[in-house]
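The chain contents come next:
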Amino acid sequence: MQPNQPSNPSDLDLNAIKASPLPQVGLRKAKEEDEWFARDRRTREHHREQGARTIIHWAIQGNIIVAGIVIAICIGVRGFHLIASEEWKWLQNEQIQLLDNLAKYAGSGAVGSLLTRYLTRNIENGPGPL
């Protein structure tokens, strides 16, 4: 055993190997970077969410427009078949019944309730994306 070493490890003076204090400028810069990364992550998540909402909004609007056009055409054809003479009628009875059923479904509110619910929700929350 060497003469300068204490015999008991609890007698060691560890203050000599204590780490130097961290620089305050570095800590402040690290906190600013953490805040910036968190803000950037929230911004990217917001943009991604808004992009998905915009796509869903346009898809629903497209479906409503296409459904409205198809229903209008079906109702127009059915109305023509009601008022036209026999020589102008080209649909068979099964096809006319299919048009009638389509009008019943549209009149029962399948498309109307979807449109009403969608527009009510978007009007209450403000204008949708353009």
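Cut-offs and rules
- Residues numbered from 1 in each chain as written.
- Predicted model: local features only at pLDDT ≥ 70, side-chain atom pairs only at ≥ 80, totals over all residues.
- Heavy atoms only, no water.
- Phe/Tyr/Trp six-rings, centres within 6.5 Å; stacked < 30°, edge-to-face > 60°.
- Salt bridge = Lys/Arg side-chain N within 4 Å of Asp/Glu carboxyl O.
- Helix = DSSP H or I, 4+ residues; strand = E, 2+ residues; numbered from the N terminus.
- Buried < 20%, exposed > 50% of the residue type's maximum accessible area, 1.4 Å probe, protein only.
- pLDDT = per-residue confidence, 0-100.

As a further point, take the packing of aromatic side chains. According to the stated counting rule, one finds two aromatic pairs in the structure shown. Plain terms: the ring middles of tryptophan 36 and phenylalanine 37 are 5.1 Å apart, the flat faces sit at 70° to each other, and that makes the pair edge-to-face.

Considering all chains together, one arrives at three salt bridges under this definition. Residue aspartate 100 pairs with arginine 78 through a salt bridge whose shortest N-O separation is 2.6 Å. A residue pair is termed long-range when its members are at least 10 positions apart, and aspartate 100 in helix α2 (residues 93-108) and arginine 78 in helix α1 (residues 24-83) qualify at 22 residues. What makes aspartate 100 partly exposed here is its relative accessible area of 25%.

This part is about the confidence of the model for the chain. Taken as a whole, the chain shows an average pLDDT of 77; of its residues, 78% reach a score of 70 or greater. By mean pLDDT, the top-scoring element of the chain is α1 (85), and the lowest-scoring one is helix α3 (residues 110-124) (72).

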